[in-house]
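# Notes for the structure review
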Amino acid sequence: MASDPTAGARSILVPVDGSPASLDAVLLACTIARKNKGKVYAVHVIEVRRSLPLDAELTDEAAAGEEVLTRAERAAAEADFKIEGELLQAREAGHAIVDEAMERGVDLILLGAEHKAPLGEYQMGRLTQYVLRAAPCSVWLWRHPVRE
């Protein structure tokens, strides 16, 4: 009998962008963390254009990011689980996610991805590819089915 692949996931990082897939990833992370008596960290990354300083005050983007984190926290609360949300600013979201995973020492990054097929077939975005390649921990990809 195979061992439970979720057993080692006590701390889980979930990047959230407000998409249904990222919010479903939060719920899946809560289910796993509850079973393992663990923690879930939701992060939303604001990508800062190179023409601006990294610590630029991006009021509109910050407000939108806080709303995304609030929706993630609300979804977790409905599943009777408390998560920790954080808003980050970085040049590249993928780098920020990997850095945050290293800083927190998480066991798992759970990425929610919408199905996108701009050229007729599914294409993985730059962020997902980077996280899969560079993460120091397990990475799970939660992709929604194709919508007609």
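Each remark here, short or long, concerns the structure printed above.
Not measured: the values here are computed from a predicted model.

## Describing the packing of helix α1 (residues 20–35) against helix α2 (residues 59–78)
- It is at 9 Å that the axes of α1 and α2 come closest, and there the two elements cross at 40 degrees. It follows from the interaxial angle that α1 and α2 lie oblique. Considering the relative orientation of α1 and α2, their crossing is right-handed. Every residue of α2 that contacts α1 at L23, V26, L27 and C30 is listed here: R71, A72, A75 and A76.
- Among the residues forming the contact of α1 with α2, the class breakdown is seven nonpolar, no polar and one charged.

## Some details on the nonpolar core
- Judged by nonpolar contacts, the single largest core of 21 residues is most densely connected at I12, V14, V16, V26, V40, A72 and I83.
- Counting only elements with at least two residues in this core, the list comes to β1 (11–15), α1, β2 (39–47), α2 and β4 (108–113).
- The element contributing the most residues to this core is α1, with seven residues.
- Look past the residues within four positions of A72 in its chain and what remains in contact with it is V16, L23, V26, A42 and I83.
- Counting 18 residues, the second-largest nonpolar core is a separate cluster that includes V43, A93, A101 and L111.

## Observations regarding the pattern of salt bridges
- All told, the structure shown has eight salt bridges when counted by the stated rule.
- Across the pair E84 and K39 runs a salt bridge, and its minimum N-O distance is 3.2 Å. Of this pair, E84 sits in strand β3 (residues 84–90) while K39 sits in strand β2, and the two are 45 residues apart along the sequence.
- Note on K39: relative accessible area 40%, which makes it partly exposed.
- The salt bridge involving E84 is made with R104; its shortest N-O contact spans 3.3 Å. Here E84, found in strand β3, pairs with R104, found in helix α3 (residues 93–104); they are 20 residues apart in sequence, far enough to count as distant.
- Under the relative-accessibility criterion, E84 is labelled partly exposed at 33%.
- Members of the salt-bridge network, linked through shared partners, are K39, E84, E86, E100 and R104.

Rules used throughout
Residues numbered from 1 in each chain as written. Predicted model: local features only at pLDDT ≥ 70, side-chain atom pairs only at ≥ 80, totals over all residues. Heavy atoms only, no water. Axes fitted to C-alpha atoms, helices over the stretch in contact; angles between N-to-C directions. Helix = DSSP H or I, 4+ residues; strand = E, 2+ residues; numbered from the N terminus. Parallel < 35°, antiparallel > 145°, perpendicular 65-115°, else oblique. Left-handed = near helix turned anticlockwise from the far one by under 90°. Contact = heavy atoms within 4.5 Å. Nonpolar A, V, L, I, M, F, W, Y, C, P; charged D, E, K, R; others polar. Core = buried A, V, L, I, M, F, W, Y, C linked by side-chain atoms within 4.5 Å. Buried < 20%, exposed > 50% of the residue type's maximum accessible area, 1.4 Å probe, protein only. Salt bridge = Lys/Arg side-chain N within 4 Å of Asp/Glu carboxyl O.

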